[in-house]
Amino acid sequence: PKFNIILTTKNPAVKLTPDICSRVTLVNFTVTPAGLQSQSLTRILKNESPEVESQRNDILRLQGEQNVKLRGLEEQMLREISAVEGSILDDDRVVEGMERLMKEGAEVEEQMAKSAEVMTEVQRAISKFAPISLSCKELFVLFAAMREISFLYEFTATSFMSVLESVLKRKEHHEVDDPDSRLALLKTALYREVASRIGRGLKDEDKMVFALLLAKLSTGKCALDEKKDNLATDDITSMIEEAFGSNFPWQGKGLNNLRDVTFNDISSMVPLLLCSAPGHDVSGRVEAMAKAESKELAGVAMGSSEGYQIAENFIASASKRGTWVMLKNCHLCTDWLDETLVKNLQSLHGTHPDFRIFITSEISPKLPTALLQLSDIIVAEAPTGIKASISRFFSRISSDRFANSVQNRLYLIVGWTHAVIQERLRFMPNGWSQQYEFTEADAIHALDVIDSLVSDSCGKKQNVDPEKLPWEAIRTTLCKGVFGGRVTDDSDQDILDSLVNGTFVPDAFNVDFKLVDVDGAPTLPEGSSKDECFAWIDSLPSHNPPTWIGLDSAAETERDRLVAESVAKKYDDVKAA
């Protein structure tokens, strides 16, 4: 009968089934919207009107003391009455005591009435700050509702208060004397800071959703509520700019502002979590910044037991010395993140103010919620387009692999094929019928296959007649194994076969060979040295028409329409949450 079990979770978004809820008593210690509104009001008052806040605290303390004193007098009176034997009126001592207690009680009640009058005046002074504290509450509710879109969006009361503190410390609104104008500037600054900080932790599509919801909170209306037919992303961008102006930072302050984020937005106690799409490595940006700022950066690739111990040693040392640590590819060790890293970060105290910890990871639902709540997040989605895809792929190929110009030519064709396959994923369901998990690892494997087949067929010769290359073996392996192994639909297999069979041909070594038979399509470079390959990649346009990947020219318009529809749907979902 004395048995008790207490279950705890640090996940405020945990969903308990009705069966569980009927068997347990739930105690919620998370910050409520009303609690955050009160905290926000206190912070704002301390910054904007410290004398009013001090007076409010004094009165609240005095009222507390008066309530305690009045309760004590009531209890003392009850004790004396209960101790009387016989008639109360026959005991002069009790009558005198009661008269004294009643007199003291009347004096306390009079003091409480005066305190209430003063508090009314204070509340009247505070009331002008109520709208901004209400905005804080509404923003916090919006943060919680964003969880409906993605597991990645875990914004806590602590992170919001950090944003508010940052806004309050600025000088712009302090230079204005008119109280109403100051509060208007403060609200504008708060929305800008929220957009720039939260926006960097959202995917591109979701940035538009969040900006539209901010517009709804800020102005009380949103143009999307009135127009949802024939919607395009340009229409959505125009709605955002109409609500906030063209320079509103709704796309977030992300990788391009990495230095500002590192030195101004986060502290030694807040990790910077850099989440990226598979194959898009952003660790180089951190390394380049550390070099430019002359900061000591200790990096470790995660995924092995040796890496865990090295990472723990690096963090323990750097937190005392004020250096930087970067943990790479942490999607490979989510259990260690949850069981070890989170606990270590929560136990860090008295760290050196210059200490910073960077965590790189692919976007994965296995990332611990506790880590997402502790961290400031930058979502780094890979740039789109043929050029960006080939550039990323070639940056992963080691320099010593470019020794043979014949194989370099084949590498370029692999890069093109991989880029087309990836680009078609953006045009679902027109590009592919399903969301196949093609990765850069497939393309790297294709290089290994080509090296092996060419070596078996032609040996180590530097100059090989293109007609003698094992074209049929290369095409079959790529279509049926390397890339085709992920394809399950017959129509998609036909598309892949056509792509591979049209590019892996002897004519690919001709100067005027077109990679795709459409107007304006690129031709491969005349030479195939390493420098010529990279120069050719650099010469490609940043944006390519959908005809380059075998789609109709209207595919871009159709994709834009689907993205706009998705934004509108997510907007409605979050608004209803």
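Everything that follows concerns the structure shown earlier in this document.
Worth saying up front: this structure is predicted, and the values here are computed from it rather than measured. (Residues numbered from 1 in each chain as written. Predicted model: local features only at pLDDT ≥ 70, side-chain atom pairs only at ≥ 80, totals over all residues. Heavy atoms only, no water.)

S.K.: Honestly, the overall build of the protein in this entry has me stumped. Any pointers?
M.R.: Looking only at helices and strands, one finds 21 helices and five strands in the protein. Radius of gyration (C-alpha) of the protein: 33 Å, far over the 25 Å computed for a compact globule of 577 residues. With 577 residues in all, the protein has 43% of them scored as buried. Residue pairs at least 24 apart in sequence account for 76% of intrachain contacts in the protein once pairs closer than 6 positions are excluded. Carbon and sulfur atoms form 50% of the exposed surface of the protein, whose accessible area is close to 30,000 Å². Taking the 64 positively charged and 87 negatively charged side chains of the protein as two groups, their mean positions are separated by 3 Å. (Helix = DSSP H or I, 4+ residues; strand = E, 2+ residues; numbered from the N terminus. Rg over C-alpha atoms; globule rule 2.2 N^0.38 Å. Buried < 20%, exposed > 50% of the residue type's maximum accessible area, 1.4 Å probe, protein only. Contact = heavy atoms within 4.5 Å. Areas by Shrake-Rupley, 256 points an atom, 1.4 Å probe, with all protein chains shown as cover. Lys, Arg positive; Asp, Glu negative; His and termini not counted. Charge placed at Lys NZ, Arg CZ, Asp CG, Glu CD.)

S.K.: What is the right way to read the packing of helix H7 (residues 179-199) against helix H8 (residues 204-219) from this model?
M.R.: Running from amino to carboxyl end, H7 crosses H8 at an angle of 165 degrees, the nearest separation of the two axes being 11 Å. Classified by the interaxial angle, the pair formed by H7 and H8 is roughly antiparallel. The element H7 and its partner H8 pack so that their crossing is right-handed. Only Lys 207, Phe 210, Leu 214, Leu 217 and Ser 218 of H8 make contact with H7, whose side of the interface consists of Lys 187, Tyr 191, Val 194, Ala 195, Ile 198 and Gly 199. (Axes fitted to C-alpha atoms, helices over the stretch in contact; angles between N-to-C directions. Parallel < 35°, antiparallel > 145°, perpendicular 65-115°, else oblique. Left-handed = near helix turned anticlockwise from the far one by under 90°.)

S.K.: So what exactly am I meant to see when it comes to the sheet that holds strand S4 (residues 356-362) here?
M.R.: One open sheet accounts for five strands, arranged S2-S3-S4-S1-S5; its pairing is parallel. Of all strands in the sheet, those bounded by a partner on one side alone are strand S2 (297-301) and strand S5 (376-380). Along the sheet, successive strands turn relative to each other by an average axial angle of 15 degrees, direction set aside. Here strand S1 (residues 272-276) pairs with S5 via five bridges, running parallel. Note on S5: the bridge partner recorded for Leu 274 is Ile 378. Relative to S2, helix H12 (residues 305-321) is tilted by about 160 degrees, and along the sheet it contacts S2, strand S3 (324-328) and S4. (Pairing = 2+ DSSP bridges.)

S.K.: Could you clarify how one ought to interpret the pattern of salt bridges in this entry?
M.R.: Two side chains that carry opposite charge are able to pair once their charged atoms sit near each other. Per the counting criterion, the structure on display carries 28 salt bridges. For Glu 565, the salt bridge identified is with Arg 561, shortest N-O distance 2.3 Å. Residue Glu 565 and its partner Arg 561 are both found in helix H21 (residues 555-576); the two are separated by four residues, about one turn of the helix. Taking the relative accessible area as the measure of exposure, Arg 561 reaches 31% and is therefore partly exposed. (Salt bridge = Lys/Arg side-chain N within 4 Å of Asp/Glu carboxyl O.)

S.K.: I'm lost on helix H16 (residues 405-425) in this one. Help?
M.R.: Since one α-helical turn is 3.6 residues long, residues separated by three or four positions face the same way. Along its 21 residues, H16 runs 31 Å from first to last C-alpha, staying within 8% of the 30 Å computed at 1.5 Å per residue. Burial within H16 is extensive, with 19 of its 21 residues counted as buried. Where H16 begins, the side chain of Asn 404 points an oxygen toward the backbone nitrogen of Val 406, at a separation of 2.8 Å. (Expected span 1.5 Å × (residues − 1). Polar contact = N/O pair within 3.5 Å; in protein donor to acceptor, adjacent residues only side chain to side chain.)

S.K.: What is the right way to read a nonpolar patch on the surface from this model?
M.R.: Taken together, the side chains of Val 14, Leu 16, Ile 20, Val 24 and Leu 26 present a nonpolar region at the surface, about 390 Å² in accessible area. Secondary-structure assignment places Val 14 in the segment before helix H1 (18-21). (Patch = residues over 30% accessible without salt bridge, like charges linked within 9 Å, V, L, I, M, F, W, Y side chains within 5 Å.)

S.K.: Please clarify how the environment of Leu 36 should be interpreted in this entry.
M.R.: Note on placement: Leu 36 falls in helix H2 (residues 33-48). Judged by relative accessible area, which is 0%, Leu 36 ranks as buried. It is 50 Å that separates the C-alpha atoms of Leu 36 and Glu 96, two residues lying 60 residues apart in sequence. Dropping the residues within four chain positions of it, Leu 36 is found in contact with Val 31, Cys 136, Lys 137, Phe 140, Ala 157, Phe 160 and Met 161.

S.K.: Quick question: what am I supposed to make of the environment of Thr 30 here?
M.R.: Relative to the helices and strands, Thr 30 is located in the loop between H1 and H2. Looking at Thr 30, the relative accessible area reads 38%, which means it is partly exposed. A distance of 2.5 Å separates the side chain of Thr 30 from the side chain of Asn 28, its partner in a polar contact.

S.K.: Looking at this structure, how should I read the packing of aromatic side chains?
M.R.: The geometry of two aromatic rings is summed up by the distance between their centres and the angle between their planes. Throughout the structure, instances matching the rule amount to 19 aromatic pairs. Measuring from ring centre to ring centre gives 6.3 Å for Phe 143 and Phe 210, while their planes differ by 35 degrees; the resulting arrangement is tilted. Of this pair, Phe 143 sits in helix H5 (residues 130-145) while Phe 210 sits in helix H8, and the two are 67 residues apart along the sequence. You can call Phe 210 buried: its relative accessible area is 2%. Joined through ring pairs, the aromatic side chains of Phe 143, Tyr 153, Phe 155, Phe 160 and Phe 210 make up one cluster. Over the ring of Phe 509 we find Arg 409, and its NZ or CZ is 6.0 Å from the ring centre. Between Arg 559 and the ring centre of Phe 427, over which it is positioned, the NZ or CZ distance is 6.0 Å. (Phe/Tyr/Trp six-rings, centres within 6.5 Å; stacked < 30°, edge-to-face > 60°. Lys NZ or Arg CZ within 6 Å of the ring centre and 35° of its normal.)

S.K.: How should I be thinking about the side chain of Ser 135 in this particular structure?
M.R.: For Ser 135, the position within the fold is in helix H5. What makes Ser 135 buried here is its relative accessible area of 5%.

S.K.: Would you explain unusual backbone geometry in this entry?
M.R.: Apart from glycine, the bulk of residues carry a negative phi angle, and the bulk of peptide bonds sit in the trans form. The omega angle of the peptide bond from Met 428 to Pro 429 is 0 degrees, so this bond is cis rather than trans. Along the chain, Pro 429 turns up in the loop between H16 and helix H17 (440-458). The backbone phi angle of Asn 230 is positive, close to 50 degrees, even though this residue is not glycine. Mapped onto the elements, Asn 230 comes out in the loop between H8 and helix H9 (233-244). For Asn 230, a relative accessible area of 75% translates into the label exposed. One non-glycine residue, Asn 329, lies in positive phi territory at about 55 degrees. Along the chain, Asn 329 falls in the loop between S3 and helix H13 (334-346).

S.K.: I'm lost on the environment of Leu 255 in this one. Help?
M.R.: On the secondary structure map, Leu 255 appears in the loop between H9 and helix H10 (258-265). With relative accessibility at 16%, the residue Leu 255 sits in the buried group. Leu 255 sits 31 residues away from Val 286 along the chain, and the two C-alpha atoms are 9.2 Å apart. Aside from chain neighbours lying at most four places away, what touches Leu 255 is Leu 274, Val 282, Arg 285, Ile 378 and Ala 380.

S.K.: I keep staring at the nonpolar core and nothing clicks. Help me out?
M.R.: Soluble globular proteins: nonpolar side chains tend toward being buried together. Formed by 86 residues in total, the largest nonpolar core has its most connected members in Val 194, Leu 214, Leu 327 and Leu 341. Beyond its immediate stretch of four places on either side in the chain, Leu 327 contacts Val 300, Met 302, Ala 311, Ile 315, Trp 336, Leu 341, Ile 357, Phe 358, Ile 359 and Thr 360. Membership of the second largest hydrophobic core comes to 56 residues, among which are Phe 438, Ala 446, Val 487 and Leu 524. (Core = buried A, V, L, I, M, F, W, Y, C linked by side-chain atoms within 4.5 Å.)

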